[in-house]
Amino acid sequence: MSARIAYIASNTFREAVRDRVLYNLIAFALLMSGAAILVGQVSFGIERLVVVNLGLSAVSLFGIVIAIFIGIGLVSKEIEKRTLYTVLSRPVQRWEFIVGKFFGLAGTLAVNTFLMAIGVFAALLYVSRQFHGTDGWIAVALYFSILQFLMMTALALFFSSFASPLMAAVFAFALFVIGNFSEDLRGFAAMTHGLQRWLATGAAYLLPNFSALNIITSVAHEQPVSSSLIFYNTIYALVYTAMVMAAGVLIFQRRNLK
Amino acid sequence: MPAIEILGLEKTYSVGFWRKRPKRALLPLHLKVEKGEVFGFLGPNGAGKSTTLKLLMGLVFPTSGSAKILDMDLDDPRMKARIGFLPEQPYFYDYLTGQELLNYYAQLSGVPGKERSHRVATMLERVGLKDAANVQLRKFSKGMLQRVGIAQAILHNPEVVFLDEPMSGLDPMGRREVRELMEQLKHEGKTVFFSTHILSDAEALCDRVAVINKGELRGVGAISELTSTVQGKIEIVWRGTAIPAALKNMNAEFFVSGDSVRAILPEQQQEAALETLQRERLHLISLTPLRTSLEEYYLQKVQQASANATQTAAGGRA
Amino acid sequence: MTRTKLVTISAGFILVACMCASILLLNRVDQLRPQATLEEVLYLPSPKVLRRMSLGYDGLLADIYWTRAVQYFGGHHAVGAMHFQLLAPLLNIATQLDPHLVVAYDFGANFLSPPPPNGAGQPQEAVRLTNFGIENNPNEWLLYYNLGFIYYMELKNYAGAADAFSRGSQIPGAHPFMRILAAQMAEHAGEIETARMLWTATYQNSKDKNIRANAAAHLRALRVDDDVAHLETLVDEFRERTGRIPSSFAELQIPGLNGGTPVDPLGNPYKLTPYGHIEVQHPDDFPFIVNGAPPGYIPPKVPKFLPSD
């Protein structure tokens, strides 16, 4: 069983690479180098700030876009091209298929982020001439981004297990935006009363909490991150991902494939 | 134990957005296929052949009824390890090479690691794709795709093979190759269940056939029995364009084409007709008894109005 | 189909279990990040930049910052904090993004000026914010009211208050009491009655429950101060007459009570101490009283606000 998941995962990784996903790294590299060079000329004193902000934001955005668009294609492409038929006629269970796809994309994103991290640190080195102790927090921010990607991939898979690719992309992107305001949403919910409060609170708690994983601004200002926050965020992201995957599996189990 | 046992499988879709109208893709189907049989599933487009196959593969869930393959449930992984499936107009991961694709499928089918590369190489050779092992599938021709499709269906040495329109879109050479492969499978004792609307293939390969139309099973029977009815007619072909007067009285039909005449007349006239031809010194080309063709059986079954919703058949003539 | 059923049940179980777990974890994570999102307001170069970055969704962003301001204040107030440094920046950003967000000015006027723990203790900030509001909403008479209120309550600038009320009274549609307050300010600035009028006006004209609760508490405190002063006068008169301290309220023969006990605004009877002082039963219920608390009473760190009546 786990072997099959691993085979599907590695095939998914291979597909992403051969689909030239990693070319996005070239765009990223260009962006970072351009920014690093420009920033040195233009502003004094905040080069580090700009590089960190820009670099981490780009990592986050690129990664989310990849997670959404490839994540959605993972299932819908196989159904549309009917490559799924020959897979499911083998002793591969539907849930193994979805889980395998998840790990494949998650692995791709992890590798992608790692390579981007090198780019960010390289640009940082260029503008600051040396590493500071607080640069370690940048790695934490990158780690949080990876957690975000895991959640987003699961959401993309979940939506694509029942919606058309376009709708799935819209839903996933909408959840990303809303998830970044998740703390505010809970604040809004607390200010309402009665039935609205129940509904709003319920929704606010079920929506993905991306805002807690977005520490770009504070890391840019060299603020430390508490280790209990790292711990709880990790558990939360894993639990949330598992929850969404379970929902996706349930839906996919019962889906009639055209 | 039959290889395939279909017990009332039924599939109804609800179409439409607001008021859902039911669309009956498959009426309750009862069918048995024995081990080692080559079974043809015939019907026009949209008859329900693909639906039946998808139901058997667990890609689509039945509205009612059930089925067993090798006496196991349709979602049993042990069963799935012993069957192979080639879908209609297949498409495979086009970024993989032939060898990578078969290797991937071998992994998923549970072929042990040590055997895999050997099995894959053997299979590629068997379907004539040895040279394409390192070519990406996006460069494959239609015939090559079909062949790699058969390869993935049989590489794990399944006992039952399901093929959905295996000849579709192939040129005569391609069809010949697929037919040969299917005959090999038959000789290896595998059960082959395939759907097609090309009757000559069915006639050549199958032990039994079933005819389905508009989601309903119309008839099942062994080829030999269906086509054994001698019509009581013979066909004589001779050279030349002359038609002897004596033959004209024999309740016959004549077709003249080119430099030969083809006559169809009752079997009893066979001796008299041959004598007449000898007398007239006409050169005999062939003498053939006419049998009911599968085509006629097929057309009859397809066109007959839907009689019963279900027909049970386990080898008898319908 | 037992295999399928097994997967369905397992997945369903995981779904429910993880849902509960994620909700609990979210709570935990929220606690660890009380101000994280908010502290970035300290890093924003200027509200103008923010406006440009909001890509035209100013209104929405303003609402978000407004909500955050309310949550921030509420959260801090609930634990008796003594610093509310982010309140002014949050309100500033909200109003820069949406200068017509009147509730934000109202909130700022009521909670930026009072001293901690009931406010940020920044009356000048409150004045600046309210003036900005008036600039952008010259027909909003409530803002003039707020301005006068701040001048009166915290800055003790009675002339400024009178001017603000007077200007506000000239707005078409202004509440009639604006003119009355202007006059009151000019002549009776220091009296309790003026304070009572202002708090009543605030209470009646605000829809924000925080503001109303605050105003109600102040009104109750004024009532208590009044009652205590009045009752202690009666006690002094009694002592002068009889040469001793009364032993019960009945002896005072308070007119209108028929020998009964006077009660505070919450319905609890006042206490008459053996030394002739009047005290309330539960001083915690009245965060703003000047008279009527027992000697040595230390108010709780977190002032108790009852829900607005």
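Residues numbered from 1 in each chain as written. Chains lettered and ligands numbered in written order. Predicted model: local features only at pLDDT ≥ 70, side-chain atom pairs only at ≥ 80, totals over all residues.

### With respect to the nonpolar core
Considering soluble globular proteins, one finds that nonpolar side chains tend to be buried as a cluster. All names here are of chain A. What counts is decided by this rule: Nonpolar core, as used here: buried Ala, Val, Leu, Ile, Met, Phe, Trp, Tyr and Cys residues forming one set through C-beta atoms within 7 Å. Buried, partly exposed and exposed are defined by the number of other C-beta atoms within 10 Å of a residue's own C-beta, namely 20 or more, between the two limits, and 12 or fewer respectively, with C-beta atoms placed from the backbone. Helix and strand labels come from DSSP, where a helix needs a run of H or I of at least four residues and a strand needs a run of E of at least two; each type is numbered from the N terminus. Note that contacts rest on C-beta atoms placed from the backbone: two residues are in contact if these are within 7 Å.
The biggest cluster of nonpolar side chains holds 162 residues, and the ones touching the most others in it are Met-152, Leu-155, Ala-156 and Ala-172. At 16 residues, helix H6 (residues 136-160) tops the list of elements feeding residues into this core. Here Ala-156 is in contact with Ala-67, Ile-68, Gly-71, Ile-72, Ala-168 and Ala-172, once residues within four sequence places are set aside.

### What about the domain arrangement of chain C?
Residues and elements named next belong to chain C. Rule in force here: Bear in mind that the domain bounds are from an automatic or database domain assignment. Lys, Arg, Asp and Glu make up the charged group, whereas Ala, Val, Leu, Ile, Met, Phe, Trp, Tyr, Cys and Pro make up the nonpolar group; the residues left over, Gly among them, are polar.
Segmenting chain C into domains produces domain 1 (37-192) and domain 2 (208-309). Computed over C-alpha atoms only, the centres of domain 1 and domain 2 are separated by 33 Å. The partner domain 2 presents 8 residues to the 10 residues of domain 1 that form the contact. The biggest single contributor to the side of domain 1 that touches domain 2 is helix H6 (residues 102-112), with 4 residues. By residue class, the composition of the side of domain 1 that touches domain 2 is 6 nonpolar, 3 polar and 1 charged.

### Considerations on the confidence of the model for chain B
Our working definition: Each residue carries a pLDDT score, the predictor's confidence in it, ranging from 0 to 100.
On average, residues of chain B score 84 in pLDDT, and 92% of them are at 70 or above. Under a pLDDT of 50 for its full length, residues 308-318 of chain B has, in the predicted model, 19 contacts with residues more than four places off or in other chains.

### Side note on the interface of chain A and chain C
Each partner contributes residues to the interface: chain A has 30 residues there, and chain C has 28 residues. Elements supplying a minimum of two residues to the side of chain A that touches chain C: helix H8 (182-191), helix H10 (216-220) and helix H11 (227-253) of chain A. Top contributing element to the side of chain A that touches chain C by residue count: H11 of chain A, with 15 residues. In the side of chain A that touches chain C, the residues fall into 17 nonpolar, 11 polar and 2 charged.

### Re the pairing of strand E6 (residues 160-164) of chain B
All names here are of chain B. Basically, it comes down to this: DSSP calls a pair of strands paired once it identifies at least 2 bridges connecting them.
Most of E6 sits inside the fold, with 5 of its 5 residues counted as buried. Neither face of E6 is open: one carries Val-160, Phe-162 and Asp-164, the other Val-161 and Leu-163, and all of them are buried. Sheet topology note: the E6/strand E7 (residues 191-196) ladder contains 5 bridges and is parallel. When the bridges of E7 are listed, Val-160 appears paired with Thr-191.

### Let's talk about the environment of Gly-113 of chain B
Residue and element names in this part refer to chain B. By the secondary structure assignment, Gly-113 is in helix H4 (residues 113-126). With 9 C-beta atoms counted inside 10 Å, the residue Gly-113 sits in the exposed group. Taking the C-alpha atoms as reference points, Gly-113 and Asn-103, 10 residues apart in sequence, are found 9.7 Å from one another.

### Some points on unusual backbone geometry
Positioned with a positive phi, Arg-82 of chain A is a non-glycine residue whose angle comes to about 60 degrees. Position of Arg-82 of chain A among the secondary structure elements: in the loop between helix H3 (47-80) and helix H4 (83-88). Residue class for Arg-82 of chain A comes out partly exposed when judged on the 17 C-beta atoms lying within 10 Å of it. The backbone phi angle of Arg-281 of chain B is positive, close to 55 degrees, even though this residue is not glycine. Its location among the elements puts Arg-281 of chain B in the loop between helix H10 (270-279) and strand E13 (284-291). Exposure remark for Arg-281 of chain B: the 7 C-beta atoms within 10 Å place this residue in the exposed category.

### Observations regarding the interface of chain B and chain A
Counting residues at the interface gives 23 residues for chain B and 20 residues for chain A. Only helix H2 (77-80), strand E5 (83-86) and helix H3 (98-109) of chain B provide two or more residues apiece to the side of chain B that touches chain A. In terms of residues, the side of chain B that touches chain A owes the most to one element, H3 of chain B, which gives 5 residues. For the side of chain B that touches chain A, the class distribution of residues is 17 nonpolar, 5 polar and 1 charged.

### Observations concerning the sheet that holds strand E1 (residues 4-15) of chain B
Residue and element names in this part refer to chain B. Selection rule: Note on method: axes are straight lines fitted to C-alpha atoms, helices fitted across the in-contact stretch only, with angles between N-to-C directions ranging 0 to 180 degrees.
Strand order in the open sheet formed by 3 strands is E2-E1-E4, with antiparallel pairing between adjacent strands. Only two strands of the sheet have a single neighbouring strand rather than two, namely strand E2 (21-33) and strand E4 (64-69). Averaged over all pairs of adjacent strands, the angle between strand axes in this sheet comes to 25 degrees, irrespective of strand direction. Taken together, the 5 bridges between E1 and E4 define a ladder with antiparallel strand orientation. Paired with Glu-5 across the two strands is Lys-68, which belongs to E4. Most of the contacts of helix H1 (residues 49-57) go to E2, to which it runs at about 70 degrees, and overall it touches E1, E2 and E4.

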